[in-house]
Every structure is written in structure tokens, then in C-alpha cells.
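# Summary of structural features
The residues making up each chain are set out below.
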Amino acid sequence: MTDANIEVMILSAISEIPAAEWDACACPEAADGGRPSDPFTTHRFLSALETSGSVGRGTGWRPAHLVARLGGEVIATAPMYTKSHSQGEYIFDHAWADAWERAGGRYYPKLQMAVPFTPVTGRRLLTRPGWEDTGRAALLEAAIRVTVSARYSSLHITFCTAEEADAGERMGLLRRKTQQFHWENRGYEDFDAFLADLSSRKRKAIRKERERAQGFGGTIRMLTGDQIEPAHWDAFWTFYQDTGSRKWGRPYLTRAFFDIAHDSLRDDCLLILAEREGRPIAGALNLIGRHTLFGRYWGAIEDHPFLHFECCYYQAIDYAIANGLARVEAGAQGEHKLARGYLPTETHSLHWMGDPGFRDAVARYLEAERSAVGEEIAYLSAFGPFRRIESPD
């Protein structure tokens, strides 16, 4: 049980809490003026989503953020939303929704503790340093109380850390294990040093891909901070719309989001643009964390062989090495990333269902799924591109 003196409130907008109070929980490591470890849970990023209309009325993502206070001081926060669908989450529960509704239940609305449209691992139970155990417990207990009192079907905490998954599991939440492909920096001096770690066949394949990609007839530029100009966002919006219309039918982010990003997020952004004859024809948007480069969106108005891989994966590796970042997370799914040095990595989420029968059914499913995911990670890892180093007899 948590301290009875802790008060947990629900905010209908991130603007209801000062940025300094939220960020003291979300990114205390950035108090020295450095980068946050996770740019997606910062007040400025969540505010950009809400102010731009990317979440909120009519989107199926209604903010319901949690704030825990003790003696008037904010000790913990959590980005949380009431959801009327399962889009933009990347931890898929459509089968659960279908099964529950066929059984006569109502799956939506549900509660989602997450960063919208962002399949990136990070803390979801944000606490001030020293309040980790108390703050997490207070947030989890409050989220479950809300789920019960509002008669929602379920609570979902997606892309949380392994430590948070452990804490949630101890409190009775169901743990789910999924996977993504991440690139790890092993102290490489440059891209060639990374290639030297690969098998000869993979090394040659990547060199050929880069040569063909860079031969598209133009140049590739990396832009961040004040190097990014409004016209660059105009170009990227076109790319984003094209990709979104082909994948989902409607992009999640509004055009206003990119205008706000220019004002408040461009120091967090790395925009990789391929330009031909002075005109951007493709690009990839990344966010820069303290230790990680997070690949988010890609788009193009011209098709060129391997340009997608160059902009999204190889240029990202170049940037990470040059800037001493520990890893690159290139987004959800994509086994094609394996051959390019991105290895399968566990991701975690937590789930709570109010109905005991529904909960038991999901628990059985997750037990089998965890085993399957573990086997898949082991299988895929064995086919990674890195050289096999034989141990001496």
C-alpha cells in the first residue's frame, strides 16, 4: 500500500501542470541543461501533441494524465489517455477486443499509459529521484482505481521499462513481451569499424547498398536545431502524408505538430534529408535522446533503390557513432533491419483486466506468447550479420 497522504489527480491536459514540475519527474537527468534520456515523455513533446490536435477531441486519445503529490510536491506523473480504439499503439490488442466484445463485453473505452504513436521503450511511471517505489505504486494503484470506477475494460501500460514491468507484475498486472530491432554501439570509431564486426558477405552487401543509395543523383544532409528551417518541415510533411496514406489511410500527426516542433522541439530532432537538384525528395525524422537516437518517420516522393535504408538506418548509425550515442532504435517491426546490424531486443508492456475470466484468458495467451517471442528472438539472433568468433578448443 502507498502512503495515505499521497494525492493522485487526473489532468485533462498537460498544460494543467507546469513544465518544470512534470519534467522533474520525466527527465530529472536533464536538469543540468543536457538532453533528456527520453524526449517523448517531456512536457514539450506531450504538449506539442495536444496543442496541435494530434491527440484530444475527435482523435480517440483523450488525455487523462496522472499526477501524484505528497505535501504539495509533485513526486510522480504518468502520461495516460482514455482510448476509444486501438490505433497508434503498436502493442496489438485487436484480438482481445474482438474476443471480449463477441462475449458480450464492451472493450472500449480503455485506459492507455503510453506516448501516442510512439513505439519507443521508456519510463511510463515517471518519478522524482528517490521516489521510484512509492511513486510507481501510487500511480499504478490510481490507474487501476480509475479503470474500476469508470468501468473500463482494461488498463494498458505499453513500451515500459523492464524494471517497471517487474514492479507491475509484482502488483498483479499481466506482463507482455514483444520485440523490436535495435542497433548497439560497441565503441565504434566510424562506420567502417562497425562493418568490420560483420561477416564478409553482410559487409559487402551493406557497402553495395550504400553505394547505390548514395548514387541517387543528389546529396544527403543531416539537420538539427537551428539548421532546420520551416521549408524543411513543409517538405517532410509531404513525405509523412505519403507514407501515412499508404500505411494507415490517415496520418496520426497534424500539420500543426510540425510547426510546433519547429518552435519547441527542433533541438530534439535530427532531420535527414535526401535532396536532388536543390529539392528534398526523401527524408527521415529522428528524435535525439541522451544515449539513444530514436528513428520515427520516413517518407519519399521519388523511389530510389536502398535510399530508405540509407536515410533511416545507415545515416542513423553514422550519427550515433559521431555523437557517442549508445544505440539506435529504428521503430516497430521490420525483420529487414536484422541484416543491417539491428538485433532483436525485448520490449515490455503491462495489462490489467477487471473481469476475472477475461483476465485469465489473456494471462494464458500471454504465457504462450512470451515463450514464442523468446524463441523467435533466439532464432533471429542466430542469423544476425555479426562475425562468429570461435572459442579456442
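These remarks concern the structure in this document.

So, how was this worked out
- Residues numbered from 1 in each chain as written.
- Predicted model: local features only at pLDDT ≥ 70, side-chain atom pairs only at ≥ 80, totals over all residues.
- Heavy atoms only, no water.
- Helix = DSSP H or I, 4+ residues; strand = E, 2+ residues; numbered from the N terminus.
- Rg over C-alpha atoms; globule rule 2.2 N^0.38 Å.
- Buried < 20%, exposed > 50% of the residue type's maximum accessible area, 1.4 Å probe, protein only.
- Contact = heavy atoms within 4.5 Å.
- Areas by Shrake-Rupley, 256 points an atom, 1.4 Å probe, with all protein chains shown as cover.
- Lys, Arg positive; Asp, Glu negative; His and termini not counted.
- Charge placed at Lys NZ, Arg CZ, Asp CG, Glu CD.
- Phe/Tyr/Trp six-rings, centres within 6.5 Å; stacked < 30°, edge-to-face > 60°.
- Lys NZ or Arg CZ within 6 Å of the ring centre and 35° of its normal.
- Axes fitted to C-alpha atoms, helices over the stretch in contact; angles between N-to-C directions.
- Parallel < 35°, antiparallel > 145°, perpendicular 65-115°, else oblique.
- Left-handed = near helix turned anticlockwise from the far one by under 90°.
- Nonpolar A, V, L, I, M, F, W, Y, C, P; charged D, E, K, R; others polar.
- Pairing = 2+ DSSP bridges.
- Arc of directions from axis to C-beta.
- Polar contact = N/O pair within 3.5 Å; in protein donor to acceptor, adjacent residues only side chain to side chain.
- 1 Å grid on protein atoms, 1.4 Å probe; cavity = no way out; pocket = protein on both sides within 12 Å on 5 of 7 lines; lining within 4 Å.
- Points joined across faces, edges and corners; volume = space filled by probe spheres on them.

Across its full length, the chain carries eleven helices and 15 strands. Against the globule reference of 21 Å for 393 residues, the chain gives a C-alpha radius of gyration of 22 Å, in line with a compact fold. Along the longest, intermediate and shortest principal axes, the C-alpha atoms of the chain span 60 × 55 × 45 Å. For the chain, the proportion of its 393 residues judged to be buried stands at 54%. In the chain, of all internal contacts separated by at least 6 residues, the share reaching a separation of at least 24 is 75%. As presented, the chain carries roughly 17300 Å² of accessible surface, and 49% of it is formed by carbon and sulfur atoms. The centroid of the 46 positive side-chain charges in the chain is displaced by 4 Å from the centroid of its 53 negative side-chain charges.

Moving on: the environment of L366. Secondary-structure assignment places L366 in helix α11 (residues 356-382). Spatially, the C-alpha atoms of L366 and D32 are 41 Å apart, while their sequence positions differ by 334 residues. Not counting residues within four places of it along the chain, the set of residues in contact with L366 comprises W96, L174, R175, R176 and H351.

Turning to the packing of aromatic side chains, a few remarks are in order. One pass over the full model with this rule turns up 28 aromatic pairs. Ring geometry for Y107 and F358: centres 6.2 Å apart, planes at 75°, overall edge-to-face. A residue pair is termed long-range when its members are at least 10 positions apart, and Y107 in the loop between α3 (94-102) and β6 (110-113) and F358 in helix α11 qualify at 251 residues. As far as the burial class goes, Y107 and F358 line up, both buried. Residues W183 and Y188 carry aromatic rings whose centres are separated by 5.9 Å and whose planes lie at 35° to one another, so their mutual orientation is tilted. We classify W183 as buried; its relative accessible area is 0%. Connected via pairs of aromatic rings, a cluster forms that spans F40, F45, W233, F236, W237, F239, Y240, F257, F258, F294 and Y297. The aromatic ring of F309 is capped on one face by R340, whose charged end is 3.8 Å from the ring centroid.

The next thing to look at is unusual backbone geometry. Residue P109 is bonded to the preceding Y108 through a cis peptide linkage, with omega at 5°. With a phi angle near 70°, Y90 is a residue other than glycine that sits in the positive phi range. Y90 gets classed as partly exposed once you look at its relative accessible area, which sits at 21%. Located in the positive-phi region is R151, a residue other than glycine, with phi close to 60°.

Time to look at the packing of helix α2 (residues 43-51) against helix α9 (residues 255-264). At their nearest, the axes of α2 and α9 sit 9 Å apart, and the two run at 150° to each other. Comparing the axis directions of α2 and α9 gives the class roughly antiparallel. Like other packed secondary-structure pairs, α2 and α9 cross with a definite hand, here right-handed. Residues R44, F45, A48, L49 and T51 of α2 lie in contact with α9, whose contacting residues are F257, I260 and S264. The residue inventory of the contact of α2 with α9, partitioned by class, reads five nonpolar, two polar and one charged.

The next point concerns the sheet that holds strand β8 (residues 154-160). Here we have eleven strands laid out as an open sheet, ordered β2-β5-β6-β8-β15-β9-β14-β13-β12-β11-β10, and mixed in their pairing. Two strands in the sheet have a free side with no partner beyond their single neighbour: β2 (61-63) and β10 (219-224). Between one strand and the next, the sheet's axes are offset by a mean angle of 30°, whatever the strand orientation. Where β6 meets β8, three bridges bridge the pair, whose relative direction is parallel. Within the sheet, the bridge partner assigned to Q112 lies in β8 and is H156.

This next bit is on helix α5 (residues 162-170). Of all the positions in α5, only E164, A165, A167 and G168 are classed as buried. Seen from one end, α5 has its buried residues packed into an arc of 165°, which puts them on one side. If you follow the buried residues of α5, they end up packed against α4 (132-149), β8, β9 (174-184) and β15 (343-353). Backbone geometry just downstream of α5 places G172 in the positive-phi region, at approximately 100°.

So, on to the side chain of S52. As for its position among the elements, S52 is in the loop between α2 and β2. On the basis of relative accessibility, which here comes to 8%, the residue S52 falls in the buried class. Side-chain polar atoms of S52 contact the side chain of S54, separated by 2.8 Å.

Quick look at the pairing of strand β3 (residues 65-70) now. Counting buried positions over the six residues of β3 gives five, a clear majority of the element. Pairing analysis gives six bridges linking strand β1 (residues 6-11) to β3, with the strands arranged antiparallel. Across the sheet, E7 pairs through a bridge with R69, a residue of β3. Pairing analysis gives five bridges linking β3 to strand β4 (residues 73-78), with the strands arranged antiparallel. Pairing of L70 across the sheet is with E73, part of β4. Taking the residues that link successive antiparallel strands as the turn, the β3-β4 hairpin has two residues, and the phi of G71 there is positive, at about 60°.

Our focus in this paragraph is the layout of surface pockets. Any empty space left between the atoms is revealed when a probe the size of a water molecule rolls over them. Volume-wise, the second largest pocket comes out at about 380 Å³. In this structure, the second largest pocket is lined by 20 residues; those nearest its centre are T121, G122, T161, R327 and E329. When residues of the lining of the second largest pocket are traced back to their parent elements, those giving at least two are β9, β13 (292-300), β14 (327-329) and β15. Taken together, the residues that form the lining of the second largest pocket break down as three nonpolar, nine polar and eight charged.

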